[in-house]
Amino acid sequence: MARLRLLLLRHLAAAAALLAGFSSLPPLAEAYDPLDPNGNITIKWDIIQWTSDGYVAVVSIYNYHKYRHIQAPGWNLGWVWAKKEIIWTIVGGQTTEQGDCSQFKGSIPHCCKRDPAVVDLLPGTPYNMQDANCCKGGVLNSWVQDPVSAVASFQISVGRSGTTNYTVKAPLNFTLKAPGPGYSCGVAHVVKPPTKFISQDGRRTTQAHVTWNVTCTYSQFVAQRAPTCCVSLSSFYNETIVNCPKCSCGCQNTRPGSCVEGDSPYLASVVNGPGKSSMTPLVQCTPHMCPIRVHWHVKLNYREYWRVKITVTNWNYRMNYSQWNLVVQHPNFDKVTTIFSFNYKPLNPYGVINDTGMLWGIKYYNDLLMVAGPDGNVQSELLFRKDPSTFTFEKGWAFPRRIYFNGDSCVMPPPDAYPWLPNSSPVLLLKSSSLVLPIVIWTAMLFLRLGMYSIHPKL
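In this text, all values refer to a predicted model and were calculated from it rather than measured experimentally.

In this section: the sheet that holds strand β19 (residues 305-314). The six strands are arranged β15-β14-β18-β19-β26-β22 in an open sheet whose pairing can be described as mixed. Taken across any chain shown, the strands that pair with only one partner, and hence form the sheet edges, are β15 (238-242) and β22 (336-340). Sheet twist, expressed as the mean angle between neighbouring strand axes with direction ignored, is 15°. The sheet contact formed by strand β14 (residues 229-235) and β15 spans two bridges and is antiparallel.

Bringing the pairing of strand β2 (residues 54-63) into the picture now. Of all 10 residues in β2, 10 are buried; the element is thus mostly enclosed. Direction of pairing for strand β1 (residues 41-50) relative to β2: antiparallel, over a ladder of nine bridges. Opposite Ile-41, over in β2, you have Asn-63 as the bridge partner. Where β1 folds back onto β2 in an antiparallel hairpin, the turn is made up of three residues. Inspection of the sheet shows β2 paired to strand β7 (residues 151-159) by nine bridges, in the antiparallel sense. Residue pairing for β7: Ala-57 is matched across the bridge by Ile-156.

Our focus in this paragraph is the confidence of the model for the chain. A low pLDDT means the predicted coordinates there should not be read in detail. When the pLDDT values of the chain are averaged, the result is 85; 82% of them are 70 or greater. Confidence over residues 11-30 falls short of pLDDT 50; this stretch has seven contacts with residues more than four positions distant or in other chains. Predicted confidence is poor over residues 450-459, with pLDDT under 50, and the contacts of this stretch with residues over four places away or in other chains come to two contacts.

Moving on to a nonpolar patch on the surface. A grouping of Tyr-350, Val-352 and Ile-353 is seen on the molecular surface, where their side chains present a nonpolar patch of about 340 Å² in accessible area. Here Val-352 is to be found in the loop between β23 (342-346) and β24 (356-361). Judged by relative accessible area, Val-352 falls into the exposed class, the value being 82%.

Burial runs high along β24: six of the six residues are buried. Judged by which residues are buried, β24 turns out to be covered on both faces: Thr-356, Met-358 and Trp-360 on one side and Gly-357, Leu-359 and Gly-361 on the other are all buried. Pairing analysis gives five bridges linking β23 to β24, with the strands arranged antiparallel. Looking across to β24, one finds that Phe-342 is bridged to Gly-361.

A word on the state of the cysteines. Counted according to the given criterion, the structure contains eight disulfides. Here Cys-101 is linked by a disulfide to Cys-112, with a sulfur-sulfur distance of 2.0 Å. Every disulfide takes its handedness from the sign of the S-S torsion; for Cys-101 and Cys-112 that torsion is 115°, giving right-handed. With a gap of 11 residues between them, Cys-101 in the loop between β5 (93-95) and β6 (117-120) and Cys-112 in the loop between β5 and β6 connect regions that are remote in the sequence. Here Cys-112 falls in the buried class, since its relative accessible area comes to 15%. Free cysteine: Cys-111, not disulfide-bonded; nearest cysteine sulfur from Cys-112 at 6.6 Å.

Procedures and definitions
Throughout this document, residue positions are counted from 1 along each chain, in the order its sequence is written. The predicted nature of this model means local features are confined to residues of pLDDT at least 70 and side-chain atom pairs, given and counted, to a pLDDT of 80 or more, with totals for whole chains, interfaces and linings taken over all residues. As a rule here, side-chain values cover all heavy atoms of the structure and leave hydrogens and water aside. Two strands make a pair as long as DSSP finds a minimum of two bridges between them. A run of H or I in DSSP becomes a helix once it reaches four residues, and a run of E becomes a strand once it reaches two; helices and strands are each numbered from the N terminus. Only C-alpha atoms enter the line fits that serve as axes; for helices the fit covers just the stretch in contact. Angles between N-to-C directions range over 0 to 180 degrees. Note on exposure labels: buried denotes an accessible area under 20% of the residue type's maximum, exposed denotes more than 50%, and partly exposed covers the range between, all computed with a 1.4 Å probe on protein chains only. Along the chain, pLDDT gives the predictor's confidence residue by residue, from 0 to 100. Contacts: residue pairs with any heavy atoms within 4.5 Å of one another. The patches reported here contain residues having more than 30% relative accessible area and no salt bridge. Joining distances are 9 Å for like charges and 5 Å for nonpolar side chains (Val, Leu, Ile, Met, Phe, Trp, Tyr). For the accessible areas, the method is Shrake-Rupley and the probe is 1.4 Å, while residue cover comes only from the protein chains on display. When a carboxyl oxygen of Asp or Glu is within 4 Å of a side-chain nitrogen of Lys or Arg, the pair counts as a salt bridge. Cysteine sulfur atoms that pair up within 2.5 Å are treated as a disulfide.

Structure (structure tokens):
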């Protein structure tokens with residue numbers, strides 16, 4: 001019996017260790033996004049002309065993510081040549097290194113590296129160096145926000161590559177940094193039929209000689225990134241303010257020098273000191289240590305509507321977030337009626353179920369989230385129509401199920417910490433507004449009858 005008990009304890013200990021191991025793994029959404037299961041970045045390589053020792057190709061980058069975009073300092077596309085190719089010229093982009101071109105005399109190639117890396121040109125580049133969809137500093141918008149600015153392209157002239165469909169070979173080992181790691185790219189495959197190009201007047205169509213496609217997918221797990229945002233909650237019916245969970249994006253004692261006090265007299269020197277051009281966040285010292293905080297406040301309750309205020313605050317002193325966006329999951333998004341000062345589009349990831357909305361800033365008004373400070377926030381209010389069959393303020397129903405900022409999932413407070421509706425709250429009556437009028441009429445009639453009885457006791 002004792003031996004059986006010992007064996008049982010060993011099995012329980014092993015099961016506990018296994019459960020602890022699973023709990024330490026990142027959630028499934030870190031590698032697969034159920035709200036955007038088909039989101040990816042597609043690289044299209046179109047050979048449009050043969051040359052004496054190679055070809056001319058248009059390389060296009062399409063951001064098919066619904067809400068994940070590429071922000072400054074922009075994308076960086078790399079690959080490894082299958083043979084001994086070189087890049088003679090490039091328009092609409094440039095390689096980060098030229099490499100060793102000492103064997104060439106006269107005409108010097110733009111790049112002789114076996115593994116070149118190309119970046120976008122900056123706005124204001126001379127027209128003779130531009131190509132269509134270039135020169136945005138590597139910034140790519142998300143497909144939902146603006147499909148036109150979700151595309152980038154450059155044109156390259158490749159040498160020593162072969163001059164026919166049978167001798168030319170696709171590049172290998174594509175890499176995409178946007179701007180850091182996180183994307184994994186597959187192998188290039190031939191697309192048939194090749195890409196067709198329509199002239200500006202729409203009267204002529206030309207066709208690429210060869211088209212290759214490469215698909216790159218994002219994983220926050222591959223990026224090895226800590227969370228970048230967190231969510232805090234409050235409501236009009238409860239004085240409790242639920243702050244972001246402590247150490248949501250890191251802890252102060254584990255990352256010395258990664259934060260600065262907002263009222264520090266040395267703030268300017270720290271912000272402009274060494275590392276100011278790096279992508280490493282320098283945040284204001286807070287318990288959550290997140291660069292971005294999203295606050296959801298249940299503001300008002302009406303007879304047929306209820307109102308929410310959303311505030312996005314930037315705690316990062318080193319980054320302006322241009323073309324930012326939010327994705328919010330809440331079951332009442334199927335009846336959202338008005339959104340003030342933000343753009344909105346439903347995502348409908350589950351077909352007929354509309355519980356997910358995408359919000360982003362209005363161009364030239366609040367599409368730029370400034371660095372930490374007095375102007376480092378944007379806010380809006382949302383008006384929802386109540387559905388009598390589902391609406392309630394009880395048990396945290398009025399708070400979002402999940403929030404994403406710029407495609408990254410934000411850390412939510414635990415459900416048991418949500419502001420709860422007090423048992424004696426008059427909101428319970430307001431929620432059942434269809435019963436309020438009959439109760440008031442019945443009470444008035446009762447008092448009227450009692451009053452008449454006190455005046456005429458014989459009645």
